[in-house]
Amino acid sequence: MQIRINGKHEEVKEGTILDLLKARNVEPEMVSVELNSKILERTDYVATNIKEGDVIEFLYFMGGGVAEGAI
């Protein structure tokens, strides 16, 4: 089925959000998932089925900042 992941059209197999993360070797604890403009709870990954035309964004949070003396 055709869906859009992070702005790119892709062909994926039927399954859940968790299945998609596993297929991409993404640890569910390391990413937030937005499905059709709604942030999913991690507990919903296992029960949320992917459908034709879905728009999925993987949101990775990274720590950072300015190193001392860099300014």
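Summary of the structure given here. Here the structure is a predicted model, which means the values were calculated and not measured.

With respect to the pairing of strand 2 (residues 8-11)
Right, so step 1: Where strand 1 (residues 2-5) meets strand 2, four bridges bridge the pair, whose relative direction is antiparallel. Paired with I5 across the two strands is K8, which belongs to strand 2.
Right, so step 2: The antiparallel hairpin formed by strand 1 and strand 2 contains two residues in its connecting segment, where N6 sits at a positive phi of about 50°.

Some thoughts on the side chain of T16
Right, so step 1: Residue position: T16 is located in the loop between strand 2 and helix 1 (17-23).
Right, so step 2: Residue classification places T16 among the buried positions, given a relative accessible area of 10%.
Right, so step 3: In terms of polar contacts, T16 uses its side chain to reach the backbone amide nitrogen of L18, at 3.3 Å.
Right, so step 4: The residues touching T16, leaving out its near neighbours within four places in the chain, are Y45, V46, T48, N49 and I50.

Brief notes about the pairing of strand 5 (residues 55-59)
Right, so step 1: Of the two faces of strand 5, the one lined by I56 and F58 is fully buried and the one lined by V55, E57 and L59 carries no buried residue.
Right, so step 2: Two elements, strand 1 and strand 5, share two bridges in a ladder whose sense is parallel. What sits directly across from R4, in strand 5, is V55.
Right, so step 3: For strand 3 (residues 32-35) and strand 5, the ladder comprises four bridges, and the chain directions are antiparallel. Residue pairing in the sheet places E34 in a bridge with E57 of strand 5.

Overview of unusual backbone geometry
Right, so step 1: In this structure, N25 is a non-glycine residue whose phi angle is positive, near 55°.
Right, so step 2: Phi is positive for N36, close to 50°, though the residue is something other than glycine.
Right, so step 3: Its location among the elements puts N36 in the loop between strand 3 and strand 4 (38-39).

Focus on the sheet that holds strand 3
Right, so step 1: Strand order across the open sheet formed by five strands is 2-1-5-3-4, with mixed pairing between neighbours. Edge positions in the sheet fall to strand 2 and strand 4, since each of these pairs with one other strand and no more.

Reading guide: rules and limits
- Residues numbered from 1 in each chain as written.
- Predicted model: local features only at pLDDT ≥ 70, side-chain atom pairs only at ≥ 80, totals over all residues.
- Heavy atoms only, no water.
- Pairing = 2+ DSSP bridges.
- Helix = DSSP H or I, 4+ residues; strand = E, 2+ residues; numbered from the N terminus.
- Buried < 20%, exposed > 50% of the residue type's maximum accessible area, 1.4 Å probe, protein only.
- Polar contact = N/O pair within 3.5 Å; in protein donor to acceptor, adjacent residues only side chain to side chain.
- Contact = heavy atoms within 4.5 Å.

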